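# Descriptive analysis of the structure
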Amino acid sequence: MPRGQGSSVSTREKPKVDQAVDSNEENHKHRRGAYLLLGLLIVFLHGSWSVYQIQFGNLPLPLDAKQAGKRGFSEASALEHVKYLTSLGPHPVGSDSLDLAIQYVYAVAEKIKKTAHWEVDVQLELFHTDIGANRLSKGLFKGKTLLYSDLKHVLLRVVPKYMPEAEENLILVSSHIDTVSTTEGAGDCSSCVGVMLELARGVAQWAHGFKSGVLFLFNTGEEEGLDGAHSFITQHHWRNSVRFAIDLEAMGISGKSTLFQGTDHWALESFAAVAKYPSAQIASQDVFHSGAIKSATDFQIYQEVAGLPGLDFAYTDTTSVYHTKNDKMKLLKPGSLQHNGDNMLAFLLHSAASQNFLKNAQEQKKENTEKNKAVFFDILGKYMVVYPQRLATMFHNSIILQSLLIWGTSLLMGGRPGLVSFGISCLSIILMLIFSICLPVVVAFILPHICPFPVPYVANPWLIIGLFGSPALLGAFIGQHIGFILLKRHLRHVYSRTKPNLPHNTREYVIDLEAERWIFKSGFIQWLIVLILGTYFKVGSSYIALVWLVSPAFAYGFLEATLSPVRLPKQLKVVTLVLGLVAPVVSSAGLAVRMADVVVGSVVRVDRNPGGLPDWLGNVIVAVAISVVVCFMFVYLLSYVHISGDKRTLGLLLCIFFGCSLALVSSGIVPAFTEDVARPVNVVHVVDTTGIDDGNREPLSYISLFSNTPGKLTKELVDLGDDEFFCGRNMTTDFVTFTTKYGCWSYKESSSGWSKSEVPVLLVESDSVTDGARQTVISVDTKSSTRWSLGINKQEIDDFTVQVDSEKLVPLGGKSEVDGWHTIQFAGGKKSPTKFQLTLYWSNSATQTSRSEAKEAADVPLLVKLRTDVNRVTPKVAEVLEKLPRWCAPFGKSTSPYTLAFLTGLRVNI
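Since the model is a prediction, treat every value here as computed from it, not as a measurement.

Analysis parameters
Within each chain, residue numbers correspond to sequence positions counted from 1 in written order. In keeping with the predicted nature of the model, local features appear solely for residues at pLDDT of at least 70, side-chain atom pairs appear and are counted solely at 80 or more, and the whole-chain, interface and lining totals rest on all residues. Just so you know, side-chain values use all the structure's heavy atoms and leave hydrogens and water out. Between the N-to-C directions of two axes lies an angle of 0 to 180 degrees, each axis being a line fitted to C-alpha atoms and, for a helix, fitted only over the stretch in contact. Numbering goes from the N terminus for both helices and strands, where a helix is a DSSP run of H or I of at least four residues and a strand is a run of E of at least two. The labels follow the angle: roughly parallel below 35 degrees, roughly antiparallel above 145, roughly perpendicular from 65 to 115, and oblique for the rest. In this scheme the crossing of two helices becomes right-handed for a clockwise turn of the near helix relative to the far one and left-handed for an anticlockwise turn of less than a right angle. Two residues form a contact once any of their heavy atoms are found within 4.5 Å. One bridge is not enough; two strands pair if DSSP finds at least two bridges between them. Any residue with an atom within 4 Å of a point lines the site, the site being either a cavity, points on a 1 Å grid over the protein atoms alone where a 1.4 Å probe fits but cannot get out, or a pocket, an open set with protein on both sides within 12 Å along at least 5 of 7 lines. Grid points are joined across faces, edges and corners, and a volume is the space filled by probe spheres set on the points. Classes in brief: Ala, Val, Leu, Ile, Met, Phe, Trp, Tyr, Cys and Pro nonpolar; Asp, Glu, Lys and Arg charged; the others, Gly included, polar. A patch is a set of surface residues, each over 30% in relative accessible area and not in a salt bridge, joined within 9 Å for like charges and within 5 Å for the nonpolar side chains Val, Leu, Ile, Met, Phe, Trp and Tyr. Accessible surface area values rest on a Shrake-Rupley calculation with a 1.4 Å probe, where residue burial reflects the displayed protein chains alone. Definition used for salt bridges: Asp or Glu carboxyl oxygen within 4 Å of a side-chain nitrogen of Lys or Arg. Partly exposed describes any residue whose relative accessible area lies between the buried limit of under 20% and the exposed limit of over 50%, with all areas from a 1.4 Å probe on protein chains only and scaled to the type maximum. When the centres of two rings from Phe, Tyr and Trp lie within 6.5 Å, Trp using its six-membered ring, the rings pair. Their planes under 30 degrees apart give stacked, over 60 give edge-to-face, and anything left gives tilted. In this analysis the charged atom, NZ for Lys or CZ for Arg, is taken to sit over a ring once it is within 6 Å of the ring centre and within 35 degrees of the ring normal. Residue types Ala, Val, Leu, Ile, Met, Phe, Trp, Tyr and Cys, when buried and joined through side-chain atoms within 4.5 Å, form a set referred to as a nonpolar core. Two cysteine sulfur atoms make up a disulfide if the distance between them is within 2.5 Å.

Here we take up the packing of helix H4 (residues 75-87) against helix H11 (residues 336-353). Pairs of packed helices are described in terms of their axes, by the angle between the two and the distance that separates them. At their nearest, the axes of H4 and H11 sit 9 Å apart, and the two run at 110° to each other. Judged by the inter-axis angle, H4 sits roughly perpendicular to H11. As H4 runs across H11, the sense of the crossing is right-handed. Between H4 and H11, the contacting residues are Glu-75, Ala-78, Leu-79 and Val-82 on the first element and Ser-336, Leu-337 and Gln-338 on the second.

The following block contains the structure:
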């Protein structure tokens, strides 16, 4: 870092003192006022918000069919497809509405085939899958085996007529038609299907000049665990011709379709070269791969099972409506589909017509994929930057070494006083983080006790600025100011020895300036540490640390550093801060806002086992995320506040802002949830037959209410008072794929809407011991259900097989576990089998508990547990759903039960 510390000034030379420190009156005159500091803060915040709006909110104008022309992309045409699909309501796997959706997509594809260019060959196929098993073991799939059957996909292959080799080199464009059972799926992913149909229409007019073919896959079963993509990539005869995969997804609704996963440098460069409105963030890829976001896309299948290079795109606006009733047409922003379509059409036309792209795709598997990795991000949605990860590592290492060399030289010249100042600067970073995190976390703990809901800001995310941002900023300043005071104490001792002839007032002011500079430079240390860690762990988004280190350091070195060690420090210039932060704000402020929005939207479903997490945990996650952003982004700005005479004024303003926000949420003036941003509340009619083996003669039937959002269901039950719901942590239900730790039950009128003929059956066919190894064969009859989950106790069972009609669907070996259980999930169409044979191979250390040894049957652990789902709303569930407040909405996912669920099981002492 640049020299110029007061601690390094020689005692034998008389310093040249600037006019700025000649008198106490001048010192006071040069102190920054509250208006200047407040103005800097407003400019910083407004600039960050403006960057976010330009980068993520600036959508292109939608075009109608006439404006787009025969070969262009029309959002209006794509929206017609989305409107029809959403009009069908929820269309999960096995539903009549999904059959209608498939028929519609096929009919539109037929029209595309008929109107294609005369030199283009369009082949259309309705693919009916065989039964299959998806045995992915990473991420969400650990401890699971996913089975599927009777899925239907629409495939549309577009190739040039007079180039047969194009049929063997296909670019796959994929998305899914099906939705979860709780939403019409305007964003996830009817919007993707609409875009693909319009893309196919346009590509069919251009393909006569292609070197590669384009295959559009409209699959079903994605929402049940990526079954659709898996069935295609393992069963269809065109799968071996696919060379590159593009997946279109949605983890919110509308906005820009952002490239958030990419495998290869050459593919990313191709997209960057032709995309009209590039939107890409490797930071999203880093977060997604870290497991912080509990989700997966078909891209995982194409990458891990097929080994294909590719790109993955997703909508991420308004993630709080994900998989709820509010994923609807009303919330689709104009221009969203146009943005996606224009980018995709340009990329497909370029890549399919390029011989080099095809060559790169063919050679990808032969090369080390590590060499092909790249760093990618867009700047204001206008330009896209792509460079190899290897180059990034070399460049980062160069900057790190130069920074360490400059710091080492500076500290060596400064001697022991400089080394102590450096240590205190590092301490100020730690104190800033501690205080910045502590204050918002305290607020996070308080909110559940004073607000109607533990997370009162979901419908109005701007509230987190006051609730957590203000305390975080105040805490960051307090921590940094403690470091500033310690620096002053140390420098006062140094200056008393090295510059005893300076007037007291002048010396105190010089000490203030020197301490201010050390605090400013602590930002360099902070971001240098982040850069070192990011480079070591090969984090793609480490470029952010690079920009936040280099740009302010360059501005400081150019405008502030002095070459003469005898000059006393001057006050930091405001222009240094402004110039230093332009590049960092432009490159990452929008991303920080987007990440904060995604975190807030994800809090509504953070509790995967409802009631299993403390009420305050969601708030703590948001508070810590906001605190970290504040500490890293405001470290330079806060250093300008310490010698201001108006610190208390700024602190008071932050407290007032916090107090107003707290008053709004605690009083309920600003609602926590609205009809458009609802709280996930599931209503399930449960029929539990597990207890029949315990001596009970009748199944236990009840209505269960639970929520993936932290907090009790007190407010929701206000309108359900006459339905006799009982809530508590003793109202637990094991749904096999998850367990409700807190819920509400009602037995009233729960005996209707289902029949005993729908109750699944687990029957022990044989139980034998051969050569000391115990083997048990169980028949599984799911009755009318073609969607079920079966848990196997891995503490008792070493391995198992699943057989269907003499076909061994799941062989021995390769079974992972989570919390001692391996879960089999099955989802299929109406013609799926309902009878299976499960063969269990017991562990040598299995529990040998007989029924006579157990005090109660309930004391014996379950060996297998089964949940079957029926997509039917019983009369009582319909009544409860009707009475629930409009700001409540069921939430669906692959592990969620339908509105009617049957539970059964077998205990270890079978």
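Now that the structure has been shown, the text picks up again.
Moving on, we come to the sheet that holds strand S9 (residues 310-315). Pairing is mixed across the open sheet formed by seven strands, whose spatial order is S1-S4-S6-S5-S7-S9-S8. For this open sheet the edge positions go to strand S1 (120-128) and strand S8 (257-262), each flanked by a neighbour on one side alone. Put simply, the sheet's adjacent strands are angled 20° from each other on average, direction ignored. In the packing of H11 onto the sheet, contacts are made with strand S5 (170-176), strand S6 (213-219), strand S7 (242-250), S8 and S9, and the angle to S7 comes to roughly 175°.

Time to look at empty space enclosed by the protein. With the rule as written, the count across this model stands at six cavities of 30 Å³ or more. The calculated volume of the largest cavity comes to roughly 80 Å³. What lines the largest cavity is a set of 14 residues, among which Pro-610, Gly-611, Thr-709, Gly-711 and Tyr-742 lie closest to the centre. Each residue belonging to the lining of the largest cavity can be placed in one class, and the counts come to six nonpolar, four polar and four charged. Taken as a whole, the second largest cavity holds about 70 Å³ of empty space. Along the wall of the second largest cavity there are 15 residues; nearest its centre are Val-180, Ser-181, Arg-787, Lys-893 and Tyr-898.

On the surface, Ile-529, Leu-533, Tyr-536, Phe-537 and Val-539 cluster together into a nonpolar patch covering about 540 Å² of accessible area. Mapped onto the secondary structure, Val-539 falls in the loop between helix H16 (504-536) and helix H17 (543-559). The partly exposed category is assigned to Val-539, whose relative accessible area is 31%.

Read from one edge to the other, the open sheet built from 10 strands follows the order S2-S3-S24-S21-S26-S28-S13-S14-S18-S15, with strand pairing classed as mixed. Looking at the sheet topology across the chains shown, the edges are occupied by strand S2 (132-134) and strand S15 (726-728). Going from strand to strand, the sheet's axes swing by 25° on average, the running direction of each strand aside. In this sheet, strand S28 (residues 900-907) lies alongside strand S13 (residues 682-688) in parallel orientation, the contact comprising four bridges. Of the residues in S28, the one forming a bridge with Asp-688 is Leu-903. Packed on one face of the sheet, helix H7 (residues 227-235) meets S2, strand S3 (144-149) and strand S24 (821-828) and runs near 75° to S3.

With that settled, the discussion passes to the packing of aromatic side chains. The description of two aromatic rings rests on the distance between their centres and on the angle between their planes. In total, this model carries 39 aromatic pairs according to the counting rule given. On the numbers, 5.6 Å between centres and 35° between planes, the contact of Tyr-52 with Phe-56 is tilted. Of the two residues, Tyr-52 and Phe-56 are both situated in helix H2 (residues 34-57); the distance of four residues between them amounts to about one turn of the helix. As far as the burial class goes, Tyr-52 and Phe-56 line up, both buried. Put simply, the rings of Phe-244, Trp-266, Phe-271, Phe-313, Phe-347 and Phe-357 pair up and form one aromatic cluster. Over the ring of Trp-206 we find Arg-71; its NZ or CZ atom is 4.5 Å from the centre of that ring. Here the basic side chain of Lys-499 rests over the ring of Tyr-495, its NZ or CZ set 4.4 Å away from the ring centre.

In terms of nonpolar packing, the biggest core is built from 170 residues, with Phe-216, Ile-246, Tyr-457 and Phe-468 touching the most fellow members. Discounting chain neighbours no more than four positions away, the residues touching Phe-216 are Val-154, Leu-155, Leu-156, Val-158, Val-173, Met-196, Leu-199, Ala-200, Val-203 and Leu-348. In terms of nonpolar packing, the next biggest core, distinct from the first, is built from 28 residues, Ile-131, Ile-778, Leu-790 and Leu-866 among them.

Within strand S22 (residues 797-804), six of the eight residues are buried, which leaves the element mostly enclosed by the surrounding structure. Sheet topology places S22 next to strand S25 (residues 835-842); six bridges connect them, and they run antiparallel. Across the sheet, Phe-800 pairs through a bridge with Leu-840, a residue of S25. In the sheet, S22 pairs with strand S23 (residues 807-810) via three bridges, with the strands oriented antiparallel. Within S23, the position partnered with Val-804 by the bridge is Glu-807. Between S22 and the antiparallel strand that follows it, S23, lie two residues; Asp-805 among them carries a positive phi value of about 50°.

Bringing the state of the cysteines into the picture now. Going through the model one piece at a time under the given rule, you end up with two disulfides. Here Cys-189 is linked by a disulfide to Cys-192, with a sulfur-sulfur distance of 1.9 Å. Residues Cys-189 and Cys-192 are joined through a disulfide that is left-handed, its torsion about the S-S bond being -50°. Of this pair, Cys-189 and Cys-192 are both found in helix H6 (residues 186-206), three residues apart, which corresponds to roughly one turn of the helix. Across this residue pair, the class does not change: Cys-189 and Cys-192 are buried. Note on cysteine connectivity: Cys-727 is disulfide-linked to Cys-744, with sulfurs 1.9 Å apart. One disulfide, between Cys-727 and Cys-744, carries an S-S torsion of 105° and so falls in the right-handed class. With a gap of 17 residues between them, Cys-727 in strand S15 and Cys-744 in strand S18 (residues 743-746) connect regions that are remote in the sequence. The cystine pairing of the protein chain, numbering bonded cysteines in sequence order, is 1-2, 3-4.

The next subject is unusual backbone geometry. For the bond from Asp-188 to Cys-189, the omega torsion is -5°, close enough to zero to count as cis. Although it is not a glycine, Asp-150 adopts a positive phi angle of roughly 55°. Of note in this structure, Glu-724 is not a glycine but carries a positive phi near 60°. With respect to the helices and strands, the residue Glu-724 is situated in the loop between strand S14 (700-706) and S15.

Another aspect to go through is the pattern of salt bridges. One pass over the full model with this rule turns up 29 salt bridges. Of the charged contacts, one joins Glu-224 and Arg-787 as a salt bridge, the two residues approaching to 3.1 Å between their closest N and O atoms. You can see Glu-224 sitting in the loop between S6 and H7 and its partner Arg-787 sitting in strand S21 (residues 787-793), a full 563 residues away along the chain. Among the residues examined, Glu-224 registers a relative accessible area of 8% and is labelled buried. The class for Arg-787 is buried, based on a relative accessible area of 7%. With a closest N to O distance of 2.8 Å, Lys-865 and Asp-734 form a salt bridge. Separated by 131 residues along the polypeptide, Lys-865 in strand S26 (residues 862-870) and Asp-734 in strand S16 (residues 733-734) bring together distant segments of the chain. One connected set of salt bridges, linked through shared partners, spans Glu-224, Arg-787, Arg-867 and Asp-869.

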